[in-house]
Amino acid sequence: REELRSKAHKGINKLFDQLDELDAKKDQLSEKAKVEYAEKREALNKKKEELKAKYKELEGASEESWEDIKVAFDSSKDSFKDAFGKVKTHFSKAE
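What you are looking at is a predicted structure, and each value in this text was computed from that prediction instead of being measured. (Residues numbered from 1 in each chain as written. Predicted model: local features only at pLDDT ≥ 70, side-chain atom pairs only at ≥ 80, totals over all residues. Heavy atoms only, no water.)

## Description of the overall build of the protein
- Regarding its fold elements, the protein presents three helices and zero strands.
- Moving toward the C terminus, one meets the helices and strands of the protein in the order α-α-α.
- The C-alpha extent of the protein, read off along each of the three principal axes, is 50 × 20 × 15 Å.
- Every one of the 95 residues in the protein was classed for burial, and the buried ones make up 29%.
- Within the protein, counting contacts between residues at least 6 apart in sequence, those at least 24 apart form 75% of the total. (Helix = DSSP H or I, 4+ residues; strand = E, 2+ residues; numbered from the N terminus. Buried < 20%, exposed > 50% of the residue type's maximum accessible area, 1.4 Å probe, protein only. Contact = heavy atoms within 4.5 Å.)

## Comments concerning the nonpolar core
- Counting residues in hydrophobic clusters, the biggest one holds 22 residues, and the most contacted among them are Leu-44, Leu-58, Phe-73 and Phe-80.
- Sorting the residues of this core by element identifies helix 1 (2–24), helix 2 (31–59) and helix 3 (66–94) as the ones contributing at least two each.
- Per element, the largest residue contribution to this core is eight residues, and it comes from helix 3.
- Ignoring any residue separated from it by four or fewer positions in sequence, one finds Phe-80 in contact with Leu-15, Phe-16, Leu-19, Leu-44, Lys-47, Lys-48 and Leu-51. (Core = buried A, V, L, I, M, F, W, Y, C linked by side-chain atoms within 4.5 Å.)

## Observations concerning the packing of helix 1 against helix 2
- Their axes nearest at 11 Å, the elements helix 1 and helix 2 cross at an angle of 165°. Judged on the interaxial angle alone, helix 2 and helix 1 are roughly antiparallel. Our pair here, helix 1 against helix 2, has a crossing hand that is left-handed. Between helix 1 and helix 2, the residues in contact are Arg-5, Ala-8, His-9, Ile-12, Phe-16, Leu-19, Leu-22 and Asp-23 and Tyr-37, Arg-41, Leu-44, Lys-48, Leu-51, Lys-52, Tyr-55, Leu-58 and Glu-59, respectively. (Axes fitted to C-alpha atoms, helices over the stretch in contact; angles between N-to-C directions. Parallel < 35°, antiparallel > 145°, perpendicular 65-115°, else oblique. Left-handed = near helix turned anticlockwise from the far one by under 90°.)

## Focus: the packing of aromatic side chains
- Tallying each qualifying case throughout the model produces three aromatic pairs.
- Aromatic side chains Phe-80 and Phe-84 sit 6.3 Å apart centroid to centroid with 5° between the ring planes, which places their arrangement in the stacked category. Note that Phe-80 and Phe-84 are positioned in helix 3 at a spacing of four residues, about one turn of the helix. The residues Phe-80 and Phe-84 share a single accessibility class, namely buried.
- Put simply, the rings of Phe-16, Phe-80 and Phe-84 pair up and form one aromatic cluster.
- In this structure, Lys-48 is placed above the aromatic ring of Phe-16, and the distance from its NZ or CZ to the ring centre is 4.8 Å. (Phe/Tyr/Trp six-rings, centres within 6.5 Å; stacked < 30°, edge-to-face > 60°. Lys NZ or Arg CZ within 6 Å of the ring centre and 35° of its normal.)

## Section: the environment of His-9
- Of note, His-9 is situated in helix 1.
- For His-9, a relative accessible area of 35% translates into the label partly exposed.
- Through-space distance from the C-alpha of His-9 to that of Lys-81 is 14 Å; in sequence the pair is 72 residues apart.
- Among the polar contacts made by the side chain of His-9, one reaches the side chain of Tyr-55 at a distance of 3.5 Å. (Polar contact = N/O pair within 3.5 Å; in protein donor to acceptor, adjacent residues only side chain to side chain.)

Have a look at this one:
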């Protein structure tokens, strides 16, 4: 379980770092693209907060609740990755 927690922590940090890199490039967008990016980014922020909350649950999961919380964390992570991919794709088209 510790190994999975560590792997999960590294994985979400990597995703958040990629998001920071993308945010750093947003100033290169046209004004219209900036507005669209901001809208997509707002939705992504919600997913990011959900993912952080699920990770906190995973950190404190008991033996009995581990599997259910792990499934919920994985679902949240997949949802964030999907939303991030859409923002990244949109951003690359707008460049």
